[in-house]
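Here are the chains, one letter per residue:
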Amino acid sequence: MNSSGTARRNPFARPWMTEHGAAAAAGGGQGVKGIIAGGITGGIEICITFPTEYVKTQLQLDEKSGKGGTKQYDGIVDCVKKTVKQRGFFGLYRGLSVLLYGSIPKSAVRFGAFEEFKKRSVDSKGNLSPGGRLLCGLGAGVCEAIFAVTPMETVKVKFINDQRSANPRFKGFFHGVSLIIKEQGTGNPDF
């Protein structure tokens, strides 16, 4: 209530939190919109966070090459400075396309799996218990990890590693993926 005695409406009220839980699925016909919105949001997130991912991967690969050889970087700041000096600011975004191409399938797998598990778990009235919601979310996360995250992380590291070489072999996302599959297959534990 405010000072005049009238009830004040909460501008941050989230009724779906009490009705459906935090990860409420979109209503009828809204699933595709949710998948697209998730993909766009994931793409924006990747564009913002990718430079840190790039530097992290460069330093991880540098550690491996440093055994018995000389390391290229002395740390995070050194890696950023050298990358910007050699390739410009956008050098920190080399390999970004791999994650952008992976964000939409990742969202599609997660949202699609959740909806499928939910469809199989609702009661006769169409309600999903909190425990059921938890299991549907867990199943969706496992599907996302197996079918989207693991393959895309593997491809991302291979792309970033390729970009480190003096003569990168991959001429683009689809060319690189086809070369990786041709040379290593999909059953290779390194893929």
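The structure displayed is predicted, hence computed values, not measured ones.

> When you look at the nonpolar core in this model, what are you seeing that I'm missing?
Buried together is how nonpolar side chains tend to be arranged in soluble globular proteins. Core analysis: the largest hydrophobic core is formed by 11 residues, namely I46, F50, Y54, V55, L61, Y73, C79, L92, L96, L99 and I160. Among the elements of the structure, helix 2 (31-66) and helix 4 (96-121) are those that each provide at least two residues to this core. Examining the composition of this core, we find that 5 residues originate from one element, helix 2, more than from any other. Listed in part, the 9 residues of the second largest apolar core include V98, M152, F170 and L179.

> What am I meant to see in the pattern of salt bridges here?
Side chains carrying opposite charge are able to pair once their charged atoms draw close together. For the structure shown, the criterion picks out 8 salt bridges. Through salt bridges that share partners, E53, K56, E153 and K156 make up one connected network.

> What am I meant to see in the side chain of D62 here?
Positionally, D62 belongs in helix 2. Here the side chain of D62 touches Q72 through a polar contact of 2.8 Å, landing on its backbone nitrogen. In this structure the side chain of D62 is engaged in a polar contact, spanning 2.8 Å, whose partner is the backbone nitrogen of Y73. Those residues within four positions of D62 in sequence are excluded, and the remaining contacts are K71, Q72, Y73 and R164.

> Would you mind showing me how to read helix 6 (residues 173-184) here?
Residue pairs spaced three or four apart in an α-helix point in one direction, given the helix's 3.6 residues per turn. The end-to-end C-alpha separation of helix 6 is 16 Å, in line with the 16 Å expected for 12 residues at 1.5 Å each. If you check which residues of helix 6 are buried, you get F173, G176, V177, L179 and I180. On an axial view of helix 6, the arc spanned by its buried residues comes to 160°, and they lie on one face. Across helix 6 from its buried face, at more than 90 degrees, point the exposed residues F174 and K182. Of the surrounding secondary structure, the elements contacted by the buried residues of helix 6 are helix 4 and helix 5 (130-164). Among the residues trailing helix 6, G185 stands out with phi positive, at a value near 75°.

> What is the right way to look at the environment of T41 in this model?
Tracing the backbone through its elements, the reader meets T41 in helix 2. As for T41 and S103, which are separated by 62 residues in sequence, their C-alpha atoms are 8.9 Å apart.

> How should I be thinking about the packing of aromatic side chains in this particular structure?
Here a ring pair, both rings aromatic, is described through the centre-centre distance and the interplanar angle of the planes. Applying the stated criterion to the full structure yields 10 aromatic pairs. Between F90 and Y93, the aromatic rings sit 6.2 Å apart at their centres with planes inclined by 45°, giving tilted as the arrangement. The rings of F50, Y54, F89, F90 and Y93 are connected pair by pair, giving a single aromatic cluster.

> Looking at this model, I keep getting lost on the environment of F50. Mind explaining?
In this fold, F50 is placed in helix 2. Judged by its relative accessible area of 1%, F50 falls in the buried class. Residues F50 and R94 lie 44 residues apart in sequence; the distance between their C-alpha atoms is 9.2 Å. When neighbours within four sequence positions are excluded, F50 is seen to be in contact with L92, Y93, R94, G95, L96, L99 and I160.

> Would you mind going over a nonpolar patch on the surface with me for this structure?
Together, L135, L138, V142, I146 and F147 make up an exposed nonpolar region whose accessible area comes to about 540 Å². Position of F147 among the secondary structure elements: in helix 5.

> What exactly am I supposed to notice about helix 4 here?
For helix 4, which comprises 26 residues, the first-to-last C-alpha distance of 37 Å matches the rise-based estimate of 38 Å (1.5 Å per residue) to within 8%. In helix 4, a bend of some 25° at S103 exceeds every other bend along the element, and P105, a proline, comes one to four places later. Those residues of helix 4 not exposed but buried are L96, V98, L99, G102, S103, S107, A113 and F114.

Rules used throughout
- Residues numbered from 1 in each chain as written.
- Predicted model: local features only at pLDDT ≥ 70, side-chain atom pairs only at ≥ 80, totals over all residues.
- Heavy atoms only, no water.
- Core = buried A, V, L, I, M, F, W, Y, C linked by side-chain atoms within 4.5 Å.
- Buried < 20%, exposed > 50% of the residue type's maximum accessible area, 1.4 Å probe, protein only.
- Helix = DSSP H or I, 4+ residues; strand = E, 2+ residues; numbered from the N terminus.
- Salt bridge = Lys/Arg side-chain N within 4 Å of Asp/Glu carboxyl O.
- Polar contact = N/O pair within 3.5 Å; in protein donor to acceptor, adjacent residues only side chain to side chain.
- Contact = heavy atoms within 4.5 Å.
- Expected span 1.5 Å × (residues − 1).
- Arc of directions from axis to C-beta.
- Phe/Tyr/Trp six-rings, centres within 6.5 Å; stacked < 30°, edge-to-face > 60°.
- Patch = residues over 30% accessible without salt bridge, like charges linked within 9 Å, V, L, I, M, F, W, Y side chains within 5 Å.
- Areas by Shrake-Rupley, 256 points an atom, 1.4 Å probe, with all protein chains shown as cover.
- Bend = angle between axes of the 7 residues up to and from the residue.

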